[in-house]
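Architecture and fold: a report
Residues per chain are reported as follows:
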Amino acid sequence: VMKRSDFAPLLYDLCTLYFTDAAYSGLTAVKRPAPYYQKQNPRYLLLELAKGPKPYDSQTGLTATLPMDCLTDASILGLAKSERSLLVNFAPDFGAVPESLTGAEERMLVFSMVNTLCENSAIQSVGFFISGVQPETFSGEIYWPGLFYPMK
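For the structure given in this document, a descriptive report is provided here.

Assigned secondary structure in the protein chain consists of three helices and five strands. Listing the helices and strands of the protein chain from first to last along the sequence gives β-β-α-β-β-α-α-β. Counting only residues that meet the buried cut, the protein chain has 41% of its 152 residues in that class. Put simply, the protein chain shows about 7900 Å² of open surface, and 54% of that area lies on carbon and sulfur atoms.

If you want it as structure tokens, here you go:
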């Protein structure tokens, strides 16, 4: 007897990621093929977001919101769901990334992650931690403690 799980590596669906334009003026939703069992996995979504825009995405001409190679699987120490909030714990090396960003770049960075994680799931807000502690600020533009809600 064959089961759907026997074909899991061959089955794809679309996940939604958020990228920005070159002027960092707003976010655009992009559909990207993903294994059907990963399309709502927060770790998978963050790693796909870190890859930046790809030619096979539903929209072209967009800009990555995460600096190149700033987020790897090892950079995500843990993920936890608390009621309808997702808590994301990053490694200390991620904390150095936003310090080099402008205010607009930092806003697009945080809201691209939040919008991506809250799309098509039971998550309504996201909290970010670095080594278990919420950072105060990076560029001075955004106050990071607390929860972020999607920017529409």
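Turning to helix α1 (residues 42-50), its buried residues number three or more, namely Tyr44, Leu45, Leu46, Glu48, Leu49 and Ala50. Buried residues along α1 sit against β1 (12-20), β2 (27-35), β3 (76-82), β4 (85-90) and α3 (103-118). Backbone nitrogen of Arg43 and a side-chain oxygen of the N-cap are separated by 2.9 Å at the start of α1; the cap is Asn41. Directly beyond the C-terminal end of α1, a positive phi value near 80° is found at Gly52.

Okay, the sheet that holds β4 next. Pairing in this open sheet of three strands is mixed, and the strands run β3-β4-β5 from one edge to the other. The open sheet terminates on both sides in strands that have one partner only, identified here as β3 and β5 (125-130). The average undirected angle you get between the axes of adjacent strands in this sheet is 15°. Taken together, the six bridges between β4 and β5 define a ladder with parallel strand orientation. Of the residues in β5, the one forming a bridge with Leu87 is Gly127. Contacts between α3 and the sheet are confined to β4 and β5, with β5 contributing the most and set at about 130° to the helix.

One pass over the structure, following the stated rule, counts six salt bridges. Arg32 is the partner of Asp57 in a salt bridge, and the nearest nitrogen-oxygen pair spans 2.7 Å. Pair noted here: Asp57 is in the loop between α1 and β3 and Arg32 is in strand β2, with a separation of 25 residues, a long-range link. Taking the relative accessible area as the measure of exposure, Arg32 reaches 0% and is therefore buried.

Our focus in this paragraph is the packing of aromatic side chains. Within a pair of aromatic rings, the relevant descriptors are the distance that separates the centres and the angle that separates the planes. Evaluation of the coordinates by the stated rule reveals seven aromatic pairs. Ring geometry for Phe90 and Phe94: centres 4.1 Å apart, planes at 25°, overall stacked. A single burial state applies to Phe90 and to Phe94, both of which are buried. An aromatic cluster is defined as three or more aromatic residues linked by ring pairs; in this entry it consists of Phe90, Phe94, Phe111, Phe128, Trp144 and Phe148.

What follows is about a nonpolar patch on the surface. A contiguous nonpolar surface patch, about 370 Å² in accessible area, is contributed by Met2, Phe7 and Leu10. The residue Met2 is located in the segment before β1 in this model.

The next subject is the nonpolar core. One finds Phe90, Met113, Val126 and Phe128 to be the most contacted residues of the largest nonpolar core, which totals 36 residues. Elements that contribute at least two residues to this core include exactly β1, β2, α1, β4, α3 and β5. Of all the elements, α3 adds the most residues to this core, at seven residues. Beyond its immediate chain neighbours, meaning those up to four positions away, Phe128 contacts Val88, Phe90, Val110, Met113, Val114, Gln134, Pro135, Trp144 and Phe148.

Basis of the calculations
- Residues numbered from 1 in each chain as written.
- Predicted model: local features only at pLDDT ≥ 70, side-chain atom pairs only at ≥ 80, totals over all residues.
- Heavy atoms only, no water.
- Helix = DSSP H or I, 4+ residues; strand = E, 2+ residues; numbered from the N terminus.
- Buried < 20%, exposed > 50% of the residue type's maximum accessible area, 1.4 Å probe, protein only.
- Areas by Shrake-Rupley, 256 points an atom, 1.4 Å probe, with all protein chains shown as cover.
- Contact = heavy atoms within 4.5 Å.
- Polar contact = N/O pair within 3.5 Å; in protein donor to acceptor, adjacent residues only side chain to side chain.
- Pairing = 2+ DSSP bridges.
- Axes fitted to C-alpha atoms, helices over the stretch in contact; angles between N-to-C directions.
- Salt bridge = Lys/Arg side-chain N within 4 Å of Asp/Glu carboxyl O.
- Phe/Tyr/Trp six-rings, centres within 6.5 Å; stacked < 30°, edge-to-face > 60°.
- Patch = residues over 30% accessible without salt bridge, like charges linked within 9 Å, V, L, I, M, F, W, Y side chains within 5 Å.
- Core = buried A, V, L, I, M, F, W, Y, C linked by side-chain atoms within 4.5 Å.

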